[in-house]
Structures are given as C-alpha cells and as structure tokens.
Amino acid sequence: MDAGSFAFLYKIGGDEGVHAYRVAICDDEIVTCSDIEDLLIDYGSRKELAIVTEVFYSGEQLLSYLEKGERFDLIFLDIELENINGVEAGRILREEKDDNVTQVVYISSKENYCMQLFAVRPLHFLIKPIGSKEIESIMDLYIKLYGDKNVFFEYQVGKQTYRIAQKEILYFRSNARKIEMVTVNGEKEFYGRMQDVEKQLDRSRFWCVHKSYIINTQYISEYRFNQIILTSKDVIPVSQAYRSTVRNKIMELQIAGRD
C-alpha cells in the first residue's frame with residue numbers, strides 16, 4: 001500500500017455534519033504505523049468520535065501531501081526518519097508552511113530529543129512502544145485543548161453568515177465599530193462588539209488582554225510586561241487593567257507546561 005493512500009473513517013450514525021478529526025501517522029516502521037492506527041480506531045469506536053487517519057512512511061511523503069493543501073488536526077511524527085527526519089519535518093511545518101494550528105506528537109525509541117523539539121512546540125512526546133493508554137491520553141488532551149468545544153466562531157458580513165474554526169484565529173482587534181479578525185489565512189472584517197465576540201469564544205483558549213484585543217493563547221510566542229508577541233510576530237498590547245490577570249494566566253500556563 002502506498003503511503004498516504006489509506007484513510008480510515010470511523011463515523012457514528014452516518015451524520016454528514018459530524019466533526020471528524022484528521023490524524024496523520026508518519027513513521028518508517030510499518031508495524032508502528034499499523035499499531036497506532038489500530039489504537040486510534042479503537043479510541044474512536046469507544047469514544048464515539050469520527051477519526052480519519054492517513055499513513056506516511058517518510059518525511060518527504062508527508063510534506064508532499066501537505067503541499068497539496070491538505071491539513072491535519074494532529075500528526076504522530078517519528079523523529080528517526082531518513083533524509084528529512086521528524087525534527088526537520090516539524091520545522092518545515094511551523095516555519096516554511098507557517099502552520100501553527102496542526103498539533104504534533106513526536107514518537108521515538110530514544111528520550112534525548114527534548115531541546116531539539118522546543119522550536120516545533122509539540123503537543124507531546126511519546127517513547128516507543130506506544131500502547132492504548134498513551135494514545136488515549138494524547139487524544140483526550142488534544143480534544144480537551146483543541147477539540148469540539150466551541151469549534152467554530154460565527155460572524156456576519158451583510159446578510160451572509162460565515163463561520164471559521166476557532167483554532168485558526170490568532171486574535172481579534174476592534175477598530176471603532178468594526179472587528180478585525182486575524183487568522184492563519186489572513187484578515188477578515190465585520191461589524192460588531194468585542195463583548196459579543198467574547199461570548200462565543202472558548203475562555204480557556206482566548207484571553208482579553210486589552211479593551212481592543214482578544215488573543216488566542218495557542219499562538220503566544222513571548223510574554224513581556226506590557227505586550228504579548230504572537231508566533232505571527234504581531235505585537236499585542238496588554239493594557240494596565242489586564243496586566244495582573246494576564247501575568248497570572250501566563251504563570252499557570254508555564255506551570256502546566258512543566259507538569
């Protein structure tokens with residue numbers, strides 16, 4: 001079977017509107033790919049979730065597939081791949097493809113890669129062999145952080161209503177009566193009020209840091225006393241009224257990241 005040619009969809013009830021999680025598995029060991037795929041299928045069956053899997057046996061095959069415009073929610077990525085290894089593939093995903101939405105779970109038979117992986121900002125790191133408990137823990141974590149809770153944000157332009165995945169939104173900025181929404185694919189504008197925008201959002205993911213700014217914490221790159229720098233290099237001001245709250249939340253994120 002050619003890499004990337006097989007897709008498995010576990011869907012409950014045949015509802016075409018159900019959200020399916022797209023998961024890539026990239027490892028040069030066929031057995032490892034098969035094992036992870038079976039575990040994902042079992043997880044989807046037990047949790048009654050739709051999961052689509054694609055399998056790749058090299059970094060080149062994965063990147064070639066992404067070049068076609070395909071996107072994944074989550075990638076299980078082996079580090080010890082030949083030619084383009086997992087660390088380089090992750091760097092290309094983040095830097096050259098400017099993809100900060102797709103979550104990466106690195107897998108390896110070794111434990112000495114932590115510092116190399118920092119720039120890719122992986123969701124997690126797993127040591128082979130990988131069992132059902134590890135897959136369940138990763139999927140539960142992904143769904144908790146990026147899953148179907150408040151998946152979409154809806155906004156109206158004229159008489160037309162649009163919706164966008166919240167995970168693709170970097171931040172909102174108010175400009176008089178207009179709301180400017182900056183996303184991974186550019187900017188969009190609509191009329192509205194920031195308090196109405198905030199009501200739709202997942203409060204654990206989106207923070208109000210200024211009366212005119214709401215940011216997606218997924219894209220925080222650097223925190224300073226009076227500003228936050230996002231992975232897009234945008235500099236977001238933190239107003240005096242929000243500094244104490246934002247500082248405490250940043251500390252909570254740092255503590256959670258060490259646990």
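Residues numbered from 1 in each chain as written. Predicted model: local features only at pLDDT ≥ 70, side-chain atom pairs only at ≥ 80, totals over all residues. Heavy atoms only, no water.

A.B. asks: I'd like a rundown of unusual backbone geometry, residues and numbers included.
C.D. replies: Negative phi characterises most residues that are not glycine, and trans characterises most peptide bonds. Note the cis peptide between Lys128 and Pro129, where omega equals -5 degrees. Here Pro129 shows up in the loop between strand E6 (124-127) and helix H5 (132-146). Even without being a glycine, Glu48 presents a positive backbone phi close to 55 degrees. Mapped onto the elements of the fold, Glu48 is located in the loop between helix H1 (30-47) and strand E3 (50-56). (Helix = DSSP H or I, 4+ residues; strand = E, 2+ residues; numbered from the N terminus.)

A.B. asks: Break down the packing of aromatic side chains for me, citing the residues and quoting the values.
C.D. replies: By the definition in use, this model includes eleven aromatic pairs. Ring centres of Tyr155 and Tyr162 lie 5.7 Å apart, and the angle between their planes is 25 degrees; this geometry places the pair in the stacked category. Ring pairs connect the aromatic residues Phe153, Tyr155, Tyr162, Phe172, Phe190 and Phe206, which therefore count as one cluster. The side chain of Arg22 reaches across the aromatic face of Phe72, ending 4.8 Å from its centre. (Phe/Tyr/Trp six-rings, centres within 6.5 Å; stacked < 30°, edge-to-face > 60°. Lys NZ or Arg CZ within 6 Å of the ring centre and 35° of its normal.)

A.B. asks: Report on the nonpolar core, specifying residues and quantitative values.
C.D. replies: The tendency in soluble globular proteins is for nonpolar side chains to be buried as a group. Of all hydrophobic cores here, the largest spans 24 residues; its most connected members are Ile36, Leu40, Leu74, Phe76 and Ile135. Contributing elements (two or more residues each) for this core: strand E2 (20-26), H1, E3, strand E4 (74-78), strand E5 (103-108) and H5. Of all the elements, H5 adds the most residues to this core, at six residues. If we skip the residues at most four places from it in the chain, Leu40 touches Val23, Ile25, Ile51, Thr53, Phe76, Ile135 and Met139. Membership of the second largest hydrophobic core comes to 20 residues, among which are Ala24, Cys26, Tyr65 and Tyr106. (Core = buried A, V, L, I, M, F, W, Y, C linked by side-chain atoms within 4.5 Å. Buried < 20%, exposed > 50% of the residue type's maximum accessible area, 1.4 Å probe, protein only. Contact = heavy atoms within 4.5 Å.)

A.B. asks: Provide a residue-level description of the packing of H1 against H5, including the pertinent values.
C.D. replies: A pair of packed helices is characterised by two quantities: the angle between their axes and the separation of those axes. Their axes nearest at 10 Å, the elements H1 and H5 cross at an angle of 60 degrees. One element, H1, and the other, H5, form an angle in the oblique class. You can see that H1 and H5 cross each other, and the crossing is right-handed. Seen from H1, the contacting residues are Ile36, Leu39, Leu40, Tyr43, Arg46 and Lys47; seen from H5, they are Ser132, Ile135, Glu136, Met139, Asp140 and Ile143. Of the residues belonging to the contact of H1 with H5, the class tally is seven nonpolar, one polar and four charged. (Axes fitted to C-alpha atoms, helices over the stretch in contact; angles between N-to-C directions. Parallel < 35°, antiparallel > 145°, perpendicular 65-115°, else oblique. Left-handed = near helix turned anticlockwise from the far one by under 90°. Nonpolar A, V, L, I, M, F, W, Y, C, P; charged D, E, K, R; others polar.)

A.B. asks: Could you give an account of the state of the cysteines, with specific residues and numbers?
C.D. replies: Considering all chains together, one arrives at zero disulfides under this definition. You can see Cys26 has no disulfide; the closest cysteine sulfur is in Cys33, sitting 7.2 Å from it. (Disulfide = S-S within 2.5 Å.)

A.B. asks: Please give an account of the sheet that holds strand E16 (residues 235-237) that cites residues and values.
C.D. replies: With respect to topology, three strands assemble into an open sheet ordered E14-E15-E16, the strand pairing being antiparallel. Both outer strands of the open sheet, strand E14 (220-224) and E16, are each paired with one neighbouring strand and no more. The sheet shows a mean angle of 25 degrees between the axes of neighbouring strands, taken without regard to direction. Here E14 pairs with strand E15 (residues 227-230) via four bridges, running antiparallel. Within the sheet, the bridge partner assigned to Glu222 lies in E15 and is Ile229. (Pairing = 2+ DSSP bridges.)

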